Amino acid sequence: MNVNQNKYASIEQIRDRMPIQRTGTVERREAETAKTFSEVLSDTASQVKFSKHASQRLEMRNIAMSKEQKARLQDATSQARQKGMKESLVMVDNLAFIVNVKNNTVITAVNDTSHAVFTNIDGAIIN
């Protein structure tokens, strides 16, 4: 009895006949662009976060920030850290943010600064 005379090919035989194996290509691309856990953690830790209070103020005051404004806020927070500030007022366009520099967290946000008074800050960055 000869078992090799069946008319159907095995999965392995069909896979070997395929000219392109897309899964290998996708896996290689993912491996090339994938970040390590420490890189992702480092990137996330360096980004400015918004406290619950600040998020509520943004929503309540209808403040929408562009990506460019968020980048400028991040840059100003980094400058404040380099200068040794702890609680900083950061001005981005017509928006004011109080930032806890150590925790990299926006504490509150204000869009009407015409009669604003800011206390308990040790520096200001106008960006």
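Residues numbered from 1 in each chain as written. Predicted model: local features only at pLDDT ≥ 70, side-chain atom pairs only at ≥ 80, totals over all residues. Heavy atoms only, no water.

A. Up close: the overall build of the protein chain. For the protein chain, the count of helices and strands is five helices and five strands. Order of helices (α) and strands (β) in the protein chain, N terminus to C terminus: α-α-α-β-α-α-β-β-β-β. Buried positions account for 25% of the 127 residues belonging to the protein chain. As displayed, the protein chain has an accessible area near 9800 Å², and 52% of this comes from carbon and sulfur atoms. (Helix = DSSP H or I, 4+ residues; strand = E, 2+ residues; numbered from the N terminus. Buried < 20%, exposed > 50% of the residue type's maximum accessible area, 1.4 Å probe, protein only. Areas by Shrake-Rupley, 256 points an atom, 1.4 Å probe, with all protein chains shown as cover.)

B. Structural view of the nonpolar core. Membership of the largest hydrophobic core comes to 18 residues, with the highest contact counts inside it found for I63, M65, L73, V90, F97, V99 and V106. Mapped onto this core, the elements with two or more residues apiece are α4 (52–60), α5 (67–82), β2 (87–92), β3 (95–100) and β4 (105–110). One finds L89, A96, I98 and V110 within the second-largest nonpolar core, a separate group that totals five residues. (Core = buried A, V, L, I, M, F, W, Y, C linked by side-chain atoms within 4.5 Å.)

C. Up close: the sheet that holds strand β5 (residues 123–126). The five strands are arranged β1-β4-β3-β2-β5 in an open sheet whose pairing can be described as mixed. Two strands in the sheet have a free side with no partner beyond their single neighbour: β1 (49–50) and β5. Pairing of β1 with β4, which is carried by two bridges, proceeds in the parallel orientation. Counted as the bridge partner of K49 is T105 from β4. The strands that α4 touches are β1, β3 and β4; relative to β4, the one it contacts most, it runs at about 30 degrees. Here α5 sits on the sheet in contact with β1, β2, β3, β4 and β5, set at roughly 145 degrees to β2. (Pairing = 2+ DSSP bridges. Contact = heavy atoms within 4.5 Å. Axes fitted to C-alpha atoms, helices over the stretch in contact; angles between N-to-C directions.)

D. Quick peek at the side chain of T77. Along the chain, T77 falls in helix α5. A residue is classified by how much of its surface remains accessible, and T77, at 1% relative accessible area, is buried. Beyond its immediate stretch of four places on either side in the chain, T77 contacts V48, V99, V101 and N104.

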